Amino acid sequence: MAAAAECDVVMAATEPELLDDEEAKREAESFKEQGNAYYAKKDYNEAYNYYTKAIDMCPKNASYYGNRAATLMMLGKFREALGDAQQSVRLDDSFVRGHLREGKCHLSLGNAMAACRSFQRALELDHKNAQAQQEFKNANAVIEYEKIAETDFEKRDFRKVVFCMDRALEFAPACHRFKILKAECLAMLGRYPEAQSVASDILRMDSTNADALYVRGLCLYYEDCIEKAVQFFVQALRMAPDHEKACVACRNAKALKAKKEDGNKAFKEGNYKLAYELYTEALGIDPNNIKTNAKLYCNRGTVNSKLRKLDGAIEDCTNAVKLDDTYIKAYLRRAQWWDCSSPRLSL
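Everything quoted here is computed from the prediction, not taken from an experiment.

Visitor: Give me the lowdown on the packing of helix H8 (residues 158-171) against helix H9 (residues 176-188), citing residues and values where you can.
Guide: Relative orientation of the contacting elements H8 and H9 amounts to 155°, with a least axis distance of 9 Å. By the angle between their directions, the pair H8 and H9 is classed as roughly antiparallel. Where H8 crosses over H9, the two elements pack in a sense that is left-handed. Of the residues in H9, those in contact with Phe158, Val161, Val162, Met165, Asp166, Ala168 and Leu169 of H8 are Phe178, Lys179, Leu181, Lys182, Cys185, Leu186 and Met188.

Visitor: Help me get a handle on the nonpolar core, residues and values and all.
Guide: Counting residues in hydrophobic clusters, the biggest one holds 65 residues, and the most contacted among them are Leu107, Met165, Phe178, Tyr214, Val215, Tyr221 and Phe233. It is helix H11 (residues 210-222) that contributes the most residues to this core, ten residues altogether. Setting aside anything within four residues of it in sequence, one finds Tyr221 in contact with Ile226, Ala229, Phe233, Asn252, Ala253, Leu256, Asp286, Asn289 and Thr292. Formed by ten residues, the second largest nonpolar core is a distinct cluster that contains Cys298, Cys317, Tyr327 and Ala330.

Visitor: An account of the UniProt feature "repeat: TPR" (unreviewed entry) in the protein chain is needed here, citing residue identities and associated values.
Guide: What UniProt calls "repeat: TPR" (unreviewed entry) maps, in this numbering, to residues 28-61, 210-243 and 256-289. For residues 28-61, the helix share is 79%, the strand share is 0%, and the end-to-end C-alpha distance is 10 Å. For residues 256-289, the end-to-end C-alpha separation is 10 Å, with 74% helix and 0% strand making up the annotated structure.

Visitor: Explain the environment of Met57 residue by residue, including any values.
Guide: Within the secondary structure, Met57 is located in helix H2 (residues 44-57). When the C-alpha positions of Met57 and Ala24 are compared, they lie 5.7 Å apart, and in sequence the two are 33 residues distant. Non-local contacts of Met57, meaning those with residues more than four positions away in its chain, are made with Ala24, Glu27, Ala28 and Phe31.

Visitor: Break down the pattern of salt bridges for me, citing the residues and quoting the values.
Guide: According to the stated counting rule, one finds 22 salt bridges in the structure shown. Put simply, Glu124 and Arg121 hold a salt bridge, and the shortest N to O gap is 3.0 Å. Taken together, the residues span about one helical turn, with Glu124 and Arg121 both in helix H6 (residues 112-125) at a distance of three residues. The partly exposed category is assigned to Arg121, whose relative accessible area is 25%. Note that Asp224 is salt-bridged to Lys260, the shortest N-O span being 3.8 Å. With Asp224 in the loop between H11 and helix H12 (226-239) and Lys260 in helix H13 (residues 244-268), this residue pair connects regions lying 36 residues apart in the sequence. Salt bridges linked by common partners bring Glu29, Lys32 and Glu33 together as one network.

Visitor: Can you break down the state of the cysteines residue by residue, with the values?
Guide: For the structure on display, the rule yields zero disulfides. Here Cys105 stays unpaired: no disulfide links it, and the sulfur of Cys175, its closest cysteine neighbor, is 14 Å away. Take Cys185: it sits in no disulfide, and the sulfur closest to it among the cysteines is that of Cys164, at 9.8 Å. Residue classification places Cys185 among the buried positions, given a relative accessible area of 0%.

Visitor: Lay out the environment of Arg90 in plain terms, naming residues and giving numbers.
Guide: Assignment of secondary structure puts Arg90 in helix H4 (residues 78-91). With 63 residues separating them along the chain, Arg90 and Phe153 place their C-alpha atoms 39 Å apart. In terms of polar contacts, Arg90 uses its side chain to reach the side chain of Gln87, at 3.0 Å.

Conventions adopted
- Residues numbered from 1 in each chain as written.
- Predicted model: local features only at pLDDT ≥ 70, side-chain atom pairs only at ≥ 80, totals over all residues.
- Heavy atoms only, no water.
- Axes fitted to C-alpha atoms, helices over the stretch in contact; angles between N-to-C directions.
- Helix = DSSP H or I, 4+ residues; strand = E, 2+ residues; numbered from the N terminus.
- Parallel < 35°, antiparallel > 145°, perpendicular 65-115°, else oblique.
- Left-handed = near helix turned anticlockwise from the far one by under 90°.
- Contact = heavy atoms within 4.5 Å.
- Core = buried A, V, L, I, M, F, W, Y, C linked by side-chain atoms within 4.5 Å.
- Buried < 20%, exposed > 50% of the residue type's maximum accessible area, 1.4 Å probe, protein only.
- UniProt positions renumbered as here; feature names shortened; annotations may be inferred.
- Salt bridge = Lys/Arg side-chain N within 4 Å of Asp/Glu carboxyl O.
- Disulfide = S-S within 2.5 Å.
- Polar contact = N/O pair within 3.5 Å; in protein donor to acceptor, adjacent residues only side chain to side chain.

This is the structure in structure tokens:
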């Protein structure tokens, strides 16, 4: 009798669990259907909420994660979507849509090699899948654009790098790395407002992004706002102490500022020979800083005029306007020296 009673207790405890499990599945399916309805209406936030409820009820269902990944992708949250897509294929490796979504997330984030692997897996499962075939081609195109951009950056063909990054970003719209490379090249081309805009967009999403901070600083540096530029370089180095480009730019900016100020001081004190040497040293620090170097040439031209070297003064102002054809002061001083006058240096 005792044994029979014990068995009854076990049976009573087990049956409701089975019933609860079936009820959970039905409720999860109901949540999924509601999520589908909101997704169809493009109300992705509500769709996300209902897919999440479905997952909470049945966390081992691959399709629920796949659906939520699709919703997150529509919301532009590719990194979160990637986690859901990866979970969906962990639960069911034969889930073709899961592999496609994983690949699409990798590609959108700029990881074209990982995207290729996901699309290859989808094609192994369904070799006629047109979407997988096209996305695989897209991923390989991004790999090729990256290779070309890397080569052209070394050649300092910044316009071509911008072109390649624009093409790559058509397939990888959420890739910060591509955006930063594009912004850096825009800065090198003197297209500072465009470069600043790209960097600022990234910083709005991630205020600690060292690369974006570096580009902001680079734009200010090339616009001869050196003190502000240093602040951004220092901030970038706080976020990433090993950021080599920020380190070099910060060092150059500080050196350039110091040499220019020393040259100005020597000029004010009437030590024109020393001022000439200091401006010359400053000009050797960074040939890419066009605006600052144009001012340095103009200042050195004034020093040359004080040293009665008018040919040198005219040549320096000519170099200044070659670097910055909007530099009115250099044009005026050159014209004055052609008339053998000697203006004072504006510091």
